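# Structural description and commentary
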Amino acid sequence: MGWSCATAGILQRPGLPDLDLWTLSGRLLGHELRQGCRSALWRQVARRQLWYLDGLDPDAGIDLDAALSFMKHKGADALSDYEMGVLRSVLTGGVRPQSRLFKAGLVESATCPLCQAAEGTLGHLFWECRCTAALRRELPPAVVQAAQNGTLPRCLTRCGIVCEPPEVREAGGWLAAAAPGQEQLLGQWRLRVSQQAWYRGGRLVIATDGACWNQQLGWARRAGLGIYVGPRCGNLSAALPGMDQCSGRAELLAIILVFAEAGRLGLQVEILTDYECAAKAWAAWSGGPSFHPREQLDLWRRLEPLARAALAAGSALTWVAAHGRAAREQELRWNKLVDDLVVQGSKRHTGLQRLTQAIRLKEANQEKAQAVQRHMVRGRAGGGGGRGRGERPWKRQRAAAVAVEGRS
Ligand SMILES: [Zn+2]
């Protein structure tokens, strides 16, 4: 994969941010390893210069989401088993048009069997043949024109494969370069209290929260965290630092920050959180049923001693079910205010504009791939160079040719 390990625990990757094995979660490491293997395989494939992968960007690889979206497409116009097989053979370069059958000596002419007017290549079948023109009319005219002009990569026009936008690959890099590191954030934030802070049972009530945007798109996830102490207090709104972006990490980091500061200042606090795991852990540390987190272990390890110290000092943690009726009015107000901080915090990530642009490119890829693939499946299923498993006209043609040769 071209990765190296110069310092213990730090993996260096060409063109990508370093991976710190000491802090990286198993989930994220697994993801990065899979991605690394995939890229290495693409580079290997690209070196073989396969005709149907012409135009493939070996570094970025293919846009898997876009390439497979039509296959996963559900609904009334979902692919039948037969069409699915056709799509698979299109995607893998397994389609044998007339020209290739001729080259293999399986048919006696390379001429397109549909129109009889030109060589029956894949490019002809999908983009030029007048017999498949009706199918092309359903495509955006710009796509057809670009395919005919040769300005679309061959991997797309012959196999329906679209490349991953390079912006997507870069997205990970911005994360590593952006936002202060976790340690820095821990050291910077100070718990400051004003006259308008809210006390309950002698404890300063503080709402914490974390949230993550684009949760569905692994590479585009951006999390933020918030701490709301009260009006004119030292509230916090920050982007979650680090490559592992998820709401759980943001929630935990916010709680860690509050307990660390409460401990430093010798304050009793009551944390309001809608993070259920934190409430379960707190109950466990208070002597309730045990709780074993499976992810974000680095942060849980960090939180536990701070939380136990806070517990001993008389602090509390209250779970506020979001929109729950049981929650008191002021709890909901604090919860709403911390929510606003989280939204602002997640917007502090750098490169957000480019991220949005990359997401749009991915969506455009998906639409383009689906349209082109649908066209190819219909064109291929409809005729030209054989009809797939079971019906093989070229076999009949070859048998006829052999019979003719035998007679002469
Ligand atoms: Zn034709």
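Please read these numbers as outputs of a predicted model, since none were measured by experiment. Residue positions are given per chain, counted from 1 along the sequence in the order it is written. For a predicted model such as this one, the threshold for reporting local features is a pLDDT of at least 70, and the threshold for listing and counting side-chain atom pairs is 80 or more; totals across whole chains, interfaces and linings nevertheless cover every residue.

Quick look at helix α13 (residues 297-312) now. Secondary structure elements follow DSSP: runs of H or I no shorter than four residues count as helices, runs of E no shorter than two count as strands, and numbering proceeds from the N terminus. Multiplying 1.5 Å by the helix residue count minus one yields the expected span of that helix. For α13, spanning 16 residues, the distance from its first C-alpha to its last is 23 Å, which sits close to the expected 22 Å at 1.5 Å a residue. Two axes define the bend at a residue: one fitted to the seven residues ending there, one fitted to the seven starting there, and the bend is the angle between them. Helix geometry: α13 is bent most strongly at Leu-303, by close to 25°, with proline Pro-305 lying one to four residues after it. The set of residues buried in α13 consists of Leu-299, Trp-300, Leu-303, Ala-307 and Ala-310. Here, residues touch in the contact sense if the C-beta positions derived from the backbone fall within 7 Å of one another. As for α13, its buried residues are in contact with α11 (247-265) and α12 (276-285). Just downstream of α13, Gly-314 is the residue with a positive phi angle, here 100°. Residue burial is a threshold on neighbouring C-beta atoms within 10 Å of the residue's own C-beta, all placed from the backbone, with 20 or more meaning buried, 12 or fewer meaning exposed, and counts in between meaning partly exposed.

Before going further, it helps to examine the confidence of the model for the protein. Averaged over every residue, the pLDDT of the protein is 83; residues scoring 70 or more account for 89%. Mean pLDDT values for the elements of the protein range from 42 in helix α16 (residues 393-407) up to 95 in strand β8 (residues 269-273). Each residue gets a pLDDT score, which is the predictor's confidence in that residue and runs from 0 to 100. Between residues 384-408, whose pLDDT stays under 50, and residues either more than four places distant or in other chains, the model counts 30 contacts.

A few words on the pairing of β8. Most of β8 is tucked away: 5 of the 5 residues are buried. A two-sided burial pattern is seen for β8, the buried positions comprising Val-269, Ile-271 and Thr-273 on one face and Glu-270 and Leu-272 on the other. Strand pairing is assigned whenever DSSP detects at least two bridges linking the two strands. Looking at chain direction, strand β5 (residues 203-213) and β8 are connected through 4 bridges and run parallel. From the neighbouring strand, Val-205 faces β8, where its bridge partner is Glu-270. In the sheet, β8 pairs with strand β9 (residues 316-319) via 4 bridges, with the strands oriented parallel. Looking at the pairing, Leu-272 lines up with Thr-318 of β9.

A word on the nonpolar core. The nonpolar side chains of a soluble globular protein tend to be buried, and buried together. Each nonpolar core comprises buried Ala, Val, Leu, Ile, Met, Phe, Trp, Tyr and Cys residues, the members being joined through C-beta atoms within 7 Å. Membership of the largest hydrophobic core comes to 45 residues, with the highest contact counts inside it found for Ile-206, Ile-227, Leu-253, Ile-255 and Val-258. Residue assignment for this core shows that the elements contributing at least two residues are β5, β6 (222-228), β7 (236-239), α11, β8, α12, α13 and α14 (329-346). A per-element tally of this core places α11 first, with 10 residues. Filtering out sequence-adjacent residues up to four positions away, Val-258 remains in contact with Ile-206, Thr-208, Ile-227, Val-269 and Ile-271.

Within the secondary structure, Asp-54 sits in the loop between α1 (26-47) and α2 (64-72). Classification of Asp-54 as partly exposed rests on a count of 15 C-beta atoms within 10 Å. Separated by 99 residues in the primary sequence, Asp-54 and Pro-153 have C-alpha atoms spaced 6.5 Å apart.

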